[in-house]
Amino acid sequence: IDITGDLFANGSGFSFSDPGGSIGGNVILGGGATTTGAAIGSLITVGGNVDIDRESVLGGNWAISGNLTNSGRIAPGNPIGRISVDGDLTLLPGSILDMEIDSDDADVIEVGNMAVLDGSVQVTPLARALIDTPYPVVNAAGGISGTFSQGVTFAESLPFVEATLSYEPTTAFVTFGRNDVPFASVAGTSNQHRVAEALDEIASPDPLVSAITFTSERGARQAFDHLSGGIHASTMAALVEGSDHLR
């Protein structure tokens with residue numbers, strides 16, 4: 001899609017192919033409008049400003065020459081994405097920054113000037129996300145003003161992990177951590193309890209504990225079954241012995 005002037009989208013959906021596209025003027029998303037698409041190496045370029053109303057979603061990978069003002073939702077990438085803003089980023093009260101995070105990468109907004117933060121961050125940890133690792137979600141060369149006053153939430157229910165926000169003068173971070181909900185609290189069978197209780201004794205960081213930390217209750221029970229399903233006494237002993245050493 002290549003547009004020489006402004007893009008006014010009122011309730012419309014725009015899907016860009018991997019090569020991206022260009023919009024010469026401003027982009028105004030209203031009435032539940034959505035955008036998706038473009039690859040990180042082939043961004044959707046905008047010559048002016050981008051404004052998103054409360055009902056609309058800016059998705060995809062973008063390079064914006066002007067300012068980006070969000071009252072709705074920003075969801076970079078597909079899945080991991082980048083949005084660059086040469087001007088200012090303004091996240092208004094009630095707005096949502098919808099970010100996906102993997103082991104060594106995350107959605108991020110790179111801002112050339114100032115970022116004014118408010119609203120909330122909603123995170124989706126992907127399969128290889130790490131605990132105790134700060135992931136930058138906003139970098140602003142001109143500095144950060146404000147905070148995400150409505151905090152950080154998860155896109156789906158994850159009973160064993162918590163997310164926290166932290167700030168440096170030019171960067172906002174999301175960090176995952178193991179919360180205090182025992183794995184054994186969701187176990188449903190005696191074998192599941194045996195495995196879960198042993199896992200609860202293993203201190204972080206541990207690859208197995210980290211992997212289960214990012215599962216749902218159902219996913220955790222499936223993992224316990226996988227580990228216990230006919231689990232040999234020697235394997236269980238090794239698991240418990242490992243917890244003794246790492247405690």
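Residues numbered from 1 in each chain as written. Predicted model: local features only at pLDDT ≥ 70, side-chain atom pairs only at ≥ 80, totals over all residues. Heavy atoms only, no water.

Examining the nonpolar core
Link 1 in the chain: Ranked by internal contacts, the top residues of the largest apolar core, which has 46 residues, are Trp62, Leu68, Ile83, Leu97, Val138 and Phe176.
Link 2 in the chain: It is strand 19 (residues 135-140) that provides the largest number of residues to this core, a total of four residues.
Link 3 in the chain: Beyond its immediate sequence surroundings of up to four residues, Val138 is in contact with Leu89, Leu97, Val108, Ile109, Val111, Ala115, Ile144, Phe148, Thr170, Thr171 and Ala172. (Core = buried A, V, L, I, M, F, W, Y, C linked by side-chain atoms within 4.5 Å. Buried < 20%, exposed > 50% of the residue type's maximum accessible area, 1.4 Å probe, protein only. Helix = DSSP H or I, 4+ residues; strand = E, 2+ residues; numbered from the N terminus. Contact = heavy atoms within 4.5 Å.)

Let's talk about the confidence of the model for the protein
Link 1 in the chain: A residue-level look at the protein finds 92% of positions with pLDDT of 70 or above and a mean pLDDT of 90.
Link 2 in the chain: Note that pLDDT drops below 50 for residues 230-247; the model gives that stretch 20 contacts with residues more than four away or on any other chain. (pLDDT = per-residue confidence, 0-100.)

With respect to the sheet that holds strand 4 (residues 21-23)
Think of a sheet as strands paired side by side through backbone hydrogen bonds, with each pair either parallel or antiparallel.
Link 1 in the chain: Strand order in this open sheet of nine strands is 1-4-7-10-13-16-19-23-22, and the pairing throughout is mixed. Among the strands making up the open sheet, the edge pair consists of strand 1 (2-3) and strand 22 (161-168).
Link 2 in the chain: The sheet contact formed by strand 1 and strand 4 spans two bridges and is parallel. Bridging across to strand 4, Ile3 finds its partner in Ile23. (Pairing = 2+ DSSP bridges.)

Some thoughts on the sheet that holds strand 3 (residues 13-16)
Link 1 in the chain: The seven strands are arranged 3-6-9-12-15-18-21 in an open sheet whose pairing can be described as parallel. With partners counted over all chains shown, the strands left at the sheet margins are strand 3 and strand 21 (152-154), one partner each. Ignoring strand direction, the axes of neighbouring strands in this sheet form an average angle of 15°. (Axes fitted to C-alpha atoms, helices over the stretch in contact; angles between N-to-C directions.)

As for the packing of aromatic side chains
Link 1 in the chain: Under the criterion given, the structure shown has seven aromatic pairs.
Link 2 in the chain: For the ring pair Phe16 and Trp62, a centre distance of 5.7 Å and an interplane angle of 75° mean the geometry is edge-to-face. Of this pair, Phe16 sits in strand 3 while Trp62 sits in strand 10 (residues 62-64), placing them 46 residues apart in sequence.
Link 3 in the chain: Classification of Phe16 as buried rests on a relative accessible area of 5%.
Link 4 in the chain: A ring pair is formed by Phe183 and Phe224, whose centres lie 6.3 Å apart and whose planes are at 70°; its orientation type is edge-to-face. Of this pair, Phe183 sits in the loop between strand 23 (171-178) and helix 1 (190-200) while Phe224 sits in helix 3 (residues 217-228), placing them 41 residues apart in sequence.
Link 5 in the chain: Classification of Phe183 as buried rests on a relative accessible area of 0%.
Link 6 in the chain: An aromatic cluster of three or more residues is present, and its members are Tyr135, Phe154, Phe176 and Phe214. (Phe/Tyr/Trp six-rings, centres within 6.5 Å; stacked < 30°, edge-to-face > 60°.)

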